[in-house]
Amino acid sequence: MYIFYMAYILKKRIKGHTYYYLAEGQRVDGKPRIVWQKYLGTADKIKERLLASPSDGIEDIVTLELGSVAVVESIEEMVRFTDIVNDVVPKRNQGMRMGQYLYLLLLNRIIEPKSKASLGEWLKKTAVTEYREVDFSLIDSKNFWDHLEKVDEEHIKAIGDAVSKRIVDLYNIPLDCLVYDTTNYFNQMSPTTDSELSRYAHSKAGKHHLRHVGMALLCTREEGIPLFHRLYSANVHDSRILTQIRQELFSLLLSLKKGKEHMTLIFDKGCNSQDNISAIDSSEFYFIGTLSPYHHPRLCQVPLSSFKEIAIEGKPLWVYRTTMELYGKERAVVVSFNPRTYERKIHWLSRTIRKTKKKLQELRLGLKNVDGRTTVQSVERHISEILSESHIAPVFDVNVISRYRKFQMSIRTHPHVLKDYRARFGKNIIFTDHLDWSAEEIVRAYRDRYKIEAAFRMTKDPFHIRFEPMFCWTDSKIRVHGLTCVMALLYLALIQKRLAEAEADISLDRALETLRGIRLAHCYYPGKSKPVQKICRLGRTEKELLTSLNIQLSGVR
């Protein structure tokens, strides 16, 4: 039988000191027993707590970004980019090791790209010091630039190759099909600044007034993981770039090869040249490329009755397979026809013809009121500008003559040119030295080029990586910037790989956004120099995401 007893203050003398406890007793079988007690402290401590105001509980709370740093650190624990850099690049006599500087740049590129000047303040708002020692006094733009100047082109190649070898071994990356392509990035370099990399070129971002740097990239077909990159002058043609770098590319791939697997390079028609195709023929590699429909009208004129239907990602596609001699050897050729693309192109052509005709007719009408300064040559220049903007100049036949100080202008369209345009619309011509592959296998492999196109889009994302615009003023710094951006792309691809393997129903962008919301609180109490750490409350989505990425936050110190 239990009889509850009321709580009371218990005083104890221990080694000459008096301590107080809050205790609760019960009668057990008629005898009083202490069944619960809690230490209160000395009389002075109790008085101090009683007189303290409620606001003295916590002096301050600082929250730090934890989730995004944790996922990058978990990838770094596997890849060991910092160690690879330290092994390749010697340490300067002052500052942190080079690997630490480059890793912090990499971390920032993945989460929230910042300038070198604001990087230190950004890092202070993250929980990076929970995973590694960071001397914030050494993180400023001058320190970064002084160190990055010591990383040369050969260092960057060695770092990139070492990282590729490690992840291929670590993650057992399949190397049967590899996708290659190029792009360019604009920068803010002055026109008068000397540079081998930064040149004026056709801008894929439409920034034709700015200088650009080109980048060649090789990714895996499955996950789009970058294995090789080189920066180059943006005004050099794609085929020449492949000629310049192919020996380095082939050497790396052969060093990654584990067995007798066939390695196939997938690239677009910009890389086609007799020299490049012959070099691949004489190597251990296979290839899948494309041909310009403009240069192969006979293939485009094959009747659709000769095509057969296949399904790609649940959508119908018509293909025609044949063989023909190209670049000195027999090749398998597949002509694909996409009716959806054909309809879009026909609509675009009709609309462009109407708009161009309207501009030409307005010009012809304006010739009735011209003054004596107008000449046939000036009118023809105006016509050339209109046709150039239309991108279908061969469709039109425009003639201008001057008689008795009056201009006559005729506007016609070429029916046979329009017929050739329609024959090419919706067509894609793929060729390969895989003579034993079916049309469906060839088409599927080539269509996986979208992985590298997605990689390029990610490098230009203003919220992650953000390769452009580059605020770098020397080629050496541009190359280091390129290295950190490609490494950031690699880490993001590995994060996405984890999500795919865990079958997590969440996009990479959404996952990164969710991770950024996972924060670490530093709670500062009166009289204590060190804060008490607490992970802010996690919701169901955050918990499931951490589980999918196999991240344990209990290790935060």
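Look up: the structure comes first, before these words.
Residues numbered from 1 in each chain as written. Predicted model: local features only at pLDDT ≥ 70, side-chain atom pairs only at ≥ 80, totals over all residues. Heavy atoms only, no water.

A. Main features of the overall build of the protein. Within the protein one finds 18 helices and 17 strands. Expected size for 557 residues packed as a compact globule is a radius of gyration near 24 Å; at 34 Å, the protein overshoots this value by more than 25%. The principal-axis extent of the C-alpha atoms belonging to the protein is close to 125 × 65 × 60 Å. Here the protein holds 557 residues, and the buried ones make up 46% of them. In the protein, 65% of the contacts between residues at least 6 apart in sequence involve partners at least 24 apart. Only carbon and sulfur atoms are counted for the fraction: they give 50% of the accessible area of the protein, which is about 30000 Å². (Helix = DSSP H or I, 4+ residues; strand = E, 2+ residues; numbered from the N terminus. Rg over C-alpha atoms; globule rule 2.2 N^0.38 Å. Buried < 20%, exposed > 50% of the residue type's maximum accessible area, 1.4 Å probe, protein only. Contact = heavy atoms within 4.5 Å. Areas by Shrake-Rupley, 256 points an atom, 1.4 Å probe, with all protein chains shown as cover.)

B. View of the environment of Leu197. Mapping Leu197 onto the fold places it in the loop between β5 (177-186) and β6 (212-220). For Leu197, a relative accessible area of 3% corresponds to the buried category. C-alpha of Leu197 to C-alpha of Leu231: the two residues are 34 residues apart in sequence and 7.3 Å apart in space.

C. Highlighting a nonpolar patch on the surface. There is a patch of nonpolar side chains on the surface, built from Ile9, Leu22, Val35 and Trp36 and spanning about 350 Å² of accessible area. For Leu22, the position within the fold is in strand β2 (residues 17-28). Overall, the relative accessible area of 30% leaves Leu22 in the partly exposed class. (Patch = residues over 30% accessible without salt bridge, like charges linked within 9 Å, V, L, I, M, F, W, Y side chains within 5 Å. Salt bridge = Lys/Arg side-chain N within 4 Å of Asp/Glu carboxyl O.)

D. Local environment of the pairing of β5. With 10 of 10 residues buried, β5 lies mostly within the body of the structure. The alternating pattern of β5 places Cys177, Val179, Asp181, Thr183 and Tyr185 on one face and Leu178, Tyr180, Thr182, Asn184 and Phe186 on the opposite face, and all of these are buried. Relative to strand β8 (residues 263-266), β5 runs parallel, the two sharing 3 bridges. Counterpart to Cys177 in the pairing with β8 is Thr264. (Pairing = 2+ DSSP bridges.)

E. Seen up close, the sheet that holds strand β9 (residues 285-291). Here 9 strands make up an open sheet; going across it, the order is β7-β6-β5-β8-β9-β15-β12-β11-β10 and the pairing mixed. Each edge of the open sheet is held by one strand with a lone partner, namely β7 (226-233) and β10 (308-312). Averaged over all neighbouring strand pairs, the angle between strand axes comes to 30 degrees, with direction disregarded. Sheet topology note: the β8/β9 ladder contains 4 bridges and is parallel. (Axes fitted to C-alpha atoms, helices over the stretch in contact; angles between N-to-C directions.)

F. The arrangement of unusual backbone geometry in detail. Even without a glycine there, the phi angle at Asn172 is positive, about 50 degrees. Residue Asn172 is classed as exposed on the basis of its relative accessible area, which comes to 56%. A positive phi angle, near 50 degrees, is found at Tyr327, a position not held by glycine. By relative accessible area, which is 26% here, Tyr327 ends up partly exposed.

G. Spatial organisation of the packing of aromatic side chains. For the coordinates displayed, the defined rule picks out 10 aromatic pairs. Centre to centre, the rings of Tyr421 and Phe425 are 6.1 Å apart; their planes meet at 70 degrees, and the pair counts as edge-to-face. Accessibility expressed as a relative area gives 7% for Phe425, which makes it buried. By the ring-pair criterion, three or more aromatic residues cluster together here, those being Phe267, Phe287, Tyr327 and Phe431. The side chain of Lys207 reaches across the aromatic face of Phe186, ending 5.6 Å from its centre. The ring of Tyr421 carries the charged tip of Arg424 above its face, separated from the ring centre by 4.9 Å. (Phe/Tyr/Trp six-rings, centres within 6.5 Å; stacked < 30°, edge-to-face > 60°. Lys NZ or Arg CZ within 6 Å of the ring centre and 35° of its normal.)

H. Representation of helix α16 (residues 475-501) within the structure. Given a rise of 1.5 Å per residue, 27 residues ought to cover 39 Å, and the 39 Å separating the end C-alpha atoms of α16 matches this to within 8%. Within α16, 24 of the 27 residues are buried, which leaves the element mostly enclosed by the surrounding structure. Within two residues after α16, Glu503 carries a phi angle of roughly 55 degrees, on the positive side. (Expected span 1.5 Å × (residues − 1).)

I. Inspection of the state of the cysteines at higher detail. Counted under the stated rule, the structure contains 0 disulfides. Note on Cys271: no disulfide assigned, nearest cysteine sulfur contributed by Cys219 at a separation of 14 Å. (Disulfide = S-S within 2.5 Å.)

J. Inspection of the packing of helix α5 (residues 116-124) against helix α6 (residues 141-148) at higher detail. For the pair α5 and α6, interaxial distance at closest approach is 7 Å and the crossing angle is 115 degrees. Remark: the crossing between α5 and α6 carries right-handed chirality. Contacts between α5 and α6 involve Lys116, Ala117 and Leu119 from the former and Ser141, Phe144, Trp145 and Leu148 from the latter. (Left-handed = near helix turned anticlockwise from the far one by under 90°.)

K. Representation of the nonpolar core. With 135 residues, the main nonpolar core has Phe81 and Tyr180 as its most contacted residues. Look past the residues within four positions of Tyr180 in its chain and what remains in contact with it is Ala216, Leu217, Leu218, Ile241, Leu242, Ile245, Leu249, Ile266, Phe267, Cys271 and Ile452. In terms of nonpolar packing, the next biggest core, distinct from the first, is built from 21 residues, Leu349, Val395, Met409 and Tyr421 among them. (Core = buried A, V, L, I, M, F, W, Y, C linked by side-chain atoms within 4.5 Å.)

L. Spotlight on the sheet that holds strand β16 (residues 519-524). Within the open sheet, the 3 strands sit side by side as β4-β16-β17. Their pairing is antiparallel. The sheet is open, and its two borders are formed by β4 (60-65) and β17 (532-535), each paired with just one other strand. In this sheet, neighbouring strand axes are inclined to one another by 25 degrees on average, regardless of whether the strands run parallel or antiparallel. As judged from the 4 bridges shared by β16 and β17, these two strands associate in the antiparallel manner. The residue bridging Cys523 from the neighbouring strand is Val532, located in β17.

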